Amino acid sequence: MPVLQLNFVSHDCLCCPLDQLALRQLGNALCCDNGHSFDIAKQGYVNLLSAQDKRSHDPGDGKDMVAARREFLNNGHYQPIAEHLAELVGSLCNENSIIADAGCGEGYYLEHLRRKLKSDHRCTPAMIGFDISKWATKAATRRMMATWIVASNRNIPLAHNSIDCLLSLFGFPVYPSFAKILKPGGTLLMVDAGPQHLIELRETIYPSVRHSDSTVAKNALSAGFSVGETSTVRFQTTPLKQLKINQLLSMTPHLYRASRAGLERVAKLNHLPVTVDVSFRCLRMSTED
Ligand SMILES: C[S@@+](CC[C@H](N)C(=O)[O-])C[C@H]1O[C@@H](n2cnc3c(N)ncnc32)[C@H](O)[C@@H]1O
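Residues numbered from 1 in each chain as written. Predicted model: local features only at pLDDT ≥ 70, side-chain atom pairs only at ≥ 80, totals over all residues. Heavy atoms only, no water.

A. Expanded view of the pattern of salt bridges. Tallying each qualifying case throughout the model produces 14 salt bridges. In this structure, Lys116 and Asp120 form a salt bridge, with 3.2 Å as the shortest nitrogen-oxygen distance. Here Asp120 and Lys116 lie together in helix 3 (residues 108–121), a separation of four residues that amounts to about one turn. Since its relative accessible area comes to 23%, Lys116 is described here as partly exposed. Between Arg281 and Asp192 there is a salt bridge; the shortest N-O distance is 3.9 Å. Of this pair, Arg281 sits in strand 11 (residues 275–285) while Asp192 is found in strand 9 (residues 182–193), placing the two residues 89 residues apart along the sequence. Pair check on accessibility: Arg281 and Asp192 agree, each one buried. (Salt bridge = Lys/Arg side-chain N within 4 Å of Asp/Glu carboxyl O. Helix = DSSP H or I, 4+ residues; strand = E, 2+ residues; numbered from the N terminus. Buried < 20%, exposed > 50% of the residue type's maximum accessible area, 1.4 Å probe, protein only.)

Have a look at this one:
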């Protein structure tokens, strides 16, 4: 007798990555009417990443990066970001809303969001988290039950016009795909590094530090979004020990961009408060479909 994977939360808006037909749960799998079938992993997630959306054998953040991020975030160093996110989303959604997190990592922000929406707004909207990394998605299942999926921003297996609020935190946005899945009038909330973000690490790594102007507005506008409210969260962490600094570094693109000498200099840092400077942008889909 097969054992049902009861810890996966299915949702009506899931669709097949191969033909975009609706997926229904049949036992331990999600199936579409064309006979494509995707097993539900025992941890409580489904891998809907098709071969053509994979650019490598093991795409996205690796196991060690996921573990470092989880440890760093669980220590509360980025809690002000999670708090501000919850305030913004709380004002945007209601009990019937569907919230999705694109590039959800190991689920820290969705978990915090669920807790805050419940306690401060008495609201428990549906939550879907997807990430191209199977390690991140698997780790997210340990935080809470939700609709966790391995999927790429380039081919999101969610029905068109189905999502009320889409989050992209420190992610790799693909605006045309985001525009497809959002409802008319839905909101995309982009959270990205600002000019002073982790300036102490960047000044240690690079001979000169630049901040490239964000291309968010330009790319989002051409995909049909209009730019709404923006806000900033800026603070200094408590002094971070060497281990925490290295965990933080492995959450950033600097891990790959830095020279070996730059990485060695960072590895020697200890007891350093770090500046966090993060911008929040609300982008709205037009109300006309
Ligand atoms: C910097 S991490 C941010 C994770 C999470 N949003 C957070 O802030 O904790 C970027 C995440 O995007 C994922 N990612 C990279 N490319 C992606 C893609 N094309 N589609 C979906 N996720 C992707 C990575 O696996 C990683 O988990």
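B. Here's a closer look at the packing of helix 8 (residues 242–249) against helix 10 (residues 260–267). In contact at an axis separation of 9 Å, helix 8 and helix 10 are set at 145° when each is read in the N-to-C sense. For the pair formed by helix 8 and helix 10, the contact residues are Gln242, Ile245, Asn246 and Leu249 on the first element and Leu263, Val266 and Ala267 on the second. Here the contact of helix 8 with helix 10 is composed, by residue class, of five nonpolar, two polar and no charged. (Axes fitted to C-alpha atoms, helices over the stretch in contact; angles between N-to-C directions. Contact = heavy atoms within 4.5 Å. Nonpolar A, V, L, I, M, F, W, Y, C, P; charged D, E, K, R; others polar.)

C. Local environment of the packing of aromatic side chains. A complete count under the given rule lists five aromatic pairs for this structure. For the ring pair Phe72 and Tyr78, a centre distance of 5.5 Å and an interplane angle of 90° mean the geometry is edge-to-face. Tyr78 matches Phe72 in its accessibility class, with the two residues each being buried. With a centroid separation of 4.9 Å and an interplanar angle of 80°, the aromatic rings of Tyr108 and Tyr109 are classed as edge-to-face. Overall, Tyr108 belongs to the buried group, its relative accessible area being 7%. Among the aromatic residues, those joined into a ring-pair cluster are Phe72, Tyr78 and Phe170. (Phe/Tyr/Trp six-rings, centres within 6.5 Å; stacked < 30°, edge-to-face > 60°.)

D. Representation of the sheet that holds strand 1 (residues 24–26). With antiparallel pairing, three strands are arranged side by side in an open sheet as 1-2-3. For this open sheet the edge positions go to strand 1 and strand 3 (37–39), each flanked by a neighbour on one side alone. The sheet shows a mean angle of 30° between the axes of neighbouring strands, direction not considered. Sheet topology note: the strand 2 (residues 29–31)/strand 3 ladder contains three bridges and is antiparallel. Looking at strand 3, one finds that Ala29 is bridged to Asp39. (Pairing = 2+ DSSP bridges.)

E. Broad picture of the site of the ligand. Around the ligand, the structure places 19 residues, and the nearest of them are Asp61, Gly103, Asp131, Asn153 and Leu169. Here Asp61 contributes a backbone N or O atom positioned 2.9 Å from an oxygen atom of the ligand. Note that a nitrogen atom of the ligand is positioned 2.8 Å from one of the backbone N or O atoms of Asn153. The residue makeup of the shell around the ligand, split by class, is nine nonpolar, six polar and four charged. (Near = heavy atom within 4 Å. Polar contact = N/O pair within 3.5 Å; in protein donor to acceptor, adjacent residues only side chain to side chain.)

F. Structural view of the sheet that holds strand 9. Strand order in this open sheet of eight strands is 4-7-6-5-8-9-11-10, and the pairing throughout is mixed. Unpaired on one side and paired on the other, strand 4 (45–47) and strand 10 (225–236) mark the two borders of the sheet. Strand-to-strand twist of the sheet, defined as the mean angle between neighbouring strand axes without regard to direction, takes the value 20°. With 10 bridges joining them, strand 10 and strand 11 adopt antiparallel strand pairing. Residue pairing in the sheet places Val233 in a bridge with Val278 of strand 11. Contacting strand 4, strand 6 (126–131) and strand 7 (147–150), helix 4 (residues 134–141) crosses the sheet at an angle of about 165° to strand 7.

G. How the structure looks around the nonpolar core. Ranked by size, the top nonpolar core spans 51 residues in total, and within it Tyr78, Ile81, Val89, Ile99 and Leu167 carry the most contacts. Counting residues per element, this core draws most heavily on helix 2 (residues 79–90), at six residues. Residues in contact with Tyr78, not counting those within four places in the same chain, are Phe72, Leu73, Tyr108, Tyr109, Phe170, His197, Leu198, Phe235, Leu248, Met251 and Val276. (Core = buried A, V, L, I, M, F, W, Y, C linked by side-chain atoms within 4.5 Å.)

H. Just unusual backbone geometry, in detail. The phi dihedral of Phe170 is positive, around 50°, even though this residue is not glycine. Secondary-structure assignment places Phe170 in the loop between strand 8 (163–169) and helix 5 (175–181). The class of Phe170 is partly exposed, set by a relative accessible area of 33%.

I. Main features of the side chain of Thr275. Structurally, the position occupied by Thr275 is in strand 11. At 2.5 Å, the side chain of Thr275 and the side chain of Glu200 are in polar contact. Other than its neighbours up to four places away in sequence, Thr275 contacts Gln196, His197, Leu198, Ile199, Glu200, Phe235 and Gln236.

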